[in-house]
Number of protein chains: 2
Amino acid sequence: MLTTTAHYAYDTDTANTRVAEHEYALDLSDRWHTPAGIANGGYLLASTLRALHRDMAQPDLLVASAHYLRPGTAGPARVRTEAIRAGRRTATGQASLFRDEREILRVLATFTDLSTAAGPTSITGRAPDLPAPEECTDPLAAGLELPPIARRVQTRMPKVPGFLRGEPGGTSANEFWLRFADGRDADPIALAMLVDSTLPAVFDLGTVPASATVELTVHIRNRPAPGWLACRVATRYLIDGYHEEDFEIWDSTGTLVAQSRQLSLIP
Amino acid sequence: MLTTTAHYAYDTDTANTRVAEHEYALDLSDRWHTPAGIANGGYLLASTLRALHRDMAQPDLLVASAHYLRPGTAGPARVRTEAIRAGRRTATGQASLFRDEREILRVLATFTDLSTAAGPTSITGRAPDLPAPEECTDPLAAGLELPPIARRVQTRMPKVPGFLRGEPGGTSANEFWLRFADGRDADPIALAMLVDSTLPAVFDLGTVPASATVELTVHIRNRPAPGWLACRVATRYLIDGYHEEDFEIWDSTGTLVAQSRQLSLIP
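Residues numbered from 1 in each chain as written. Chains lettered and ligands numbered in written order. Predicted model: local features only at pLDDT ≥ 70, side-chain atom pairs only at ≥ 80, totals over all residues. Heavy atoms only, no water.

Undergrad: So what's going on with the overall build of chain A? Which residues, and what values?
TA: Looking only at helices and strands, chain A features 4 helices and 14 strands. Here the C-alpha atoms of chain A give a radius of gyration of 18 Å, agreeing with the 18 Å that 2.2 N^0.38 yields for 267 residues. The C-alpha extent of chain A, read off along each of the three principal axes, is 50 × 45 × 45 Å. When burial is assessed residue by residue, chain A has 58% of its 267 residues classed as buried. Across chain A, contacts joining residues at least 24 apart in sequence account for 67% of those joining residues at least 6 apart. For chain A, the accessible area works out to roughly 10600 Å², and carbon and sulfur atoms hold 49% of it. A distance of 4 Å separates the average location of the 26 positive side-chain charges in chain A from that of its 32 negative side-chain charges. (Helix = DSSP H or I, 4+ residues; strand = E, 2+ residues; numbered from the N terminus. Rg over C-alpha atoms; globule rule 2.2 N^0.38 Å. Buried < 20%, exposed > 50% of the residue type's maximum accessible area, 1.4 Å probe, protein only. Contact = heavy atoms within 4.5 Å. Areas by Shrake-Rupley, 256 points an atom, 1.4 Å probe, with all protein chains shown as cover. Lys, Arg positive; Asp, Glu negative; His and termini not counted. Charge placed at Lys NZ, Arg CZ, Asp CG, Glu CD.)

So this is what it looks like as structure tokens:
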């Protein structure tokens, strides 16, 4: 059993060092590469947000909007941050991720203290209705060759999408369990990574299995409880290659913790 | 019948003048004020995007992400822009809207040429199934005192939400027609305004009738055809005052043209 967060792959691989005011050095790892051999977009986002978080006077990520400019690769990188506004309830900042002096990601993010949120609650959506993780299938256990990120983020699925068996089923929606493979529990910034950590739902439509994120926005709705996370993903509108992907994450207590939407392009 | 765009309220009230490289002057109008007596968030966004658009080498807005920093009021304002990256297919920029030297809105936006988009199409969502606009009700025609924006943006509803009659119905979802009141047709940047131009769906839950946008992201999926726009709005998760609002706009040919989500807070 690992006992310090420094031993979890996510913590090690998203860590940064302050090198100047509003400037952080980090080392992007190849352990989060996708099947395309580039850094996962969620991994780039969480790495950038961890640096920005150091300049924000609020403890929790509330909402982040990221525009992806160039593919990310492993190696030394810099994050430059700007504190835009710090109010009583929220703090907003901006961060840019650079690799070889080229900007690959620009993010706007607003932080708050989720523990002090107070106001009315009314929920009409529902948590995914999933069998226990032990009763579900590990869709990548069947001897497939795994991309690095699939060794870091685990899923358990009641129904394995057809495209993972080479037979696209034509349904760009799915529900499943998700967690870090080494048992690290999620936090708000880690959720911003996890909403973009699984294979795109659109692949089951039989498209070319490649999808480039143009923009991703994630809302954090609660601090997540420890344990497996229940997820719901759907793409409803694939138009001329562009498609949205909506992703919800619910924690082990049945609470909605993250809601994201990204706009992506099949090249 | 108005014949030049300069006579439409939207064009006049979102216009800008270049005063320096990457700096534009504009005059925010009180004609788009909300019931709270402040500038509508969609109006601020479209005004900012029109300035940024001048520095972008692509014709169409594709996606904009806006973080709202302070309430906007009528009067002279500035937009400062930055061209972040211009690629073959997309151009990404950033803009800040200032009023009295205070930043009230920061936006990241990516532009493209929607007419050249080419790739697979697969649609599982459907356009709202609405009676013709003439068979619907103008929910604000019943002698209510109208906020300025309701004189600029018209709706036609098959079913008027209860809260507009003072009896919240408890359903935070609705479908209706929308257009500029003076007959101006929409374009991609105008769609970024229209997704935030109607009263929040959450009001029908009987909350305090006030909602402040923290962040809004809009995806433009097609250039809109002229005429009435069919809209679908829904809020599914109101948690401690924070709530998402999802908004779709379909044009008069039944094509999805815009999809937005905002995170807002009931104060």
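Undergrad: Just give me the short version of the UniProt feature "domain: Acyl-CoA thioesterase-like N-terminal HotDog" (unreviewed entry) in chain A, but keep the residues and values in it.
TA: Listed under "domain: Acyl-CoA thioesterase-like N-terminal HotDog" (unreviewed entry) in the UniProt record, and renumbered for this structure, are residues 29–112 of chain A. Helix makes up 15% of residues 29–112 of chain A and strand 50%. Its end C-alpha atoms lie 29 Å apart. (UniProt positions renumbered as here; feature names shortened; annotations may be inferred.)

Undergrad: Lay out unusual backbone geometry with the relevant residues and their values.
TA: Residue and element names in this part refer to chain B. Phi angles above zero are rare outside glycine, and Glu-101 is one such case at about 65°. The residue Glu-101 is located in the loop between β5 (90–99) and β6 (102–112) in this model. In the Ramachandran plot, Asp-240 falls in the positive-phi region, its phi being about 55° despite a non-glycine side chain. Tracing the sequence through the fold places Asp-240 in the loop between β12 (237–239) and β13 (242–250).

Undergrad: Let's hear about helix α2 (residues 41–53) of chain A: which residues, and what values?
TA: All names here are of chain A. Its 13 residues give α2 an end-to-end C-alpha distance of 18 Å, which sits within 8% of 18 Å, the value for a rise of 1.5 Å per residue. Along α2, the residues that are buried comprise Gly-41, Gly-42, Tyr-43, Leu-44, Leu-45, Ala-46, Ser-47, Thr-48, Leu-49, Ala-51 and Leu-52. You can read the cap of α2 off the contacts: a side-chain oxygen lies 3.0 Å from the backbone nitrogen of Gly-42, and it is on Asn-40. (Expected span 1.5 Å × (residues − 1). Polar contact = N/O pair within 3.5 Å; in protein donor to acceptor, adjacent residues only side chain to side chain.)

Undergrad: Can you break down the side chain of Thr-198 of chain A residue by residue, with the values?
TA: All names here are of chain A. Structurally, Thr-198 is set in the loop between α4 (188–194) and β10 (212–220). A relative accessible area of 18% means that Thr-198 is categorised as buried. Residue contacts for Thr-198: discarding those within four places in its chain leaves Thr-155, Phe-176, Leu-178 and Phe-247.

Undergrad: Would you mind going over the pattern of salt bridges in detail, with residue names and values included?
TA: If you walk through the whole model with that rule in mind, you get 38 salt bridges over all chains. Across the salt bridge formed by Arg-223 of chain B and Asp-113 of chain B, the nearest N and O atoms sit 3.1 Å from each other. Here Arg-223 of chain B, found in the loop between β10 (212–220) and β11 (229–234), pairs with Asp-113 of chain B, found in the loop between β6 and β7 (122–123); they are 110 residues apart in sequence, far enough to count as distant. Within the structure, one salt-bridge network assembled from shared partners comprises Glu-23, Arg-78, Arg-80 and Glu-101 of chain A. (Salt bridge = Lys/Arg side-chain N within 4 Å of Asp/Glu carboxyl O.)

Undergrad: Report on the pairing of strand β1 (residues 16–20) of chain B, specifying residues and quantitative values.
TA: Relative to strand β2 (residues 23–28) of chain B, β1 of chain B runs antiparallel, the two sharing 4 bridges. The residue of β2 of chain B that forms the bridge with Arg-18 of chain B is Tyr-24 of chain B. (Pairing = 2+ DSSP bridges.)

Undergrad: Tell me about the pairing of strand β9 (residues 173–180) of chain A, and please be specific about residues and values.
TA: Two faces, one strand: in a regular strand the side chains alternate between the faces of the sheet. Residues and elements named next belong to chain A. As paired elements, strand β8 (residues 153–156) and β9 share 4 bridges and run antiparallel to each other. Residue pairing in the sheet places Arg-156 in a bridge with Trp-177 of β9. In this structure, β9 lies alongside strand β11 (residues 229–234), joined through 6 bridges in antiparallel fashion. Opposite Leu-178, over in β11, you have Leu-229 as the bridge partner.

Undergrad: Tell me about the interface of chain A and chain B, and name the residues and values.
TA: Contacts between the two partners involve 60 residues from chain A and, on the opposite side, 60 residues from chain B. For the pair chain A and chain B, the summed buried surface comes to about 5200 Å²; carbon and sulfur atoms form 56% of the total. In terms of surface lost to chain B, no three residues of chain A exceed Arg-221, Tyr-237 and Arg-261 of chain A, which account for 13% of the buried area on that side. Where chain A meets chain B, there are 8 salt bridges. The residue Asp-246 of chain B makes a salt bridge to Arg-261 of chain A at a minimum N-O spacing of 3.8 Å. Classifying every residue of the side of chain A that touches chain B gives 22 nonpolar, 22 polar and 16 charged. (Buried area = accessible area lost by both parts, 1.4 Å probe. Nonpolar A, V, L, I, M, F, W, Y, C, P; charged D, E, K, R; others polar.)

Undergrad: An account of the state of the cysteines is needed here, citing residue identities and associated values.
TA: Residue and element names in this part refer to chain B. Within the structure shown, the criterion is met by 0 disulfides over all chains. Looking at the unpaired Cys-231, the closest cysteine sulfur is the one in Cys-136, lying at 12 Å. For Cys-231, a relative accessible area of 0% translates into the label buried. (Disulfide = S-S within 2.5 Å.)

Undergrad: Tell me about the relation of the copies chain A and chain B, residues and numbers included.
TA: Overlaying chain A on chain B yields an RMSD of 0.0 Å, the required transformation being a rotation through 180° with an accompanying axial translation of 0.0 Å. Such a combination of turn and shift is consistent with a two-fold rotation axis. In terms of C-alpha distance to the rotation axis, chain A has Ser-65 of chain A as its closest residue, with the C-alpha 3.1 Å off the axis. Of the interface residues in chain A, 100% have counterparts in chain B that sit at the interface too, so the contact is made through matching surfaces. (Least-squares fit on C-alpha atoms with pLDDT ≥ 70 in both.)

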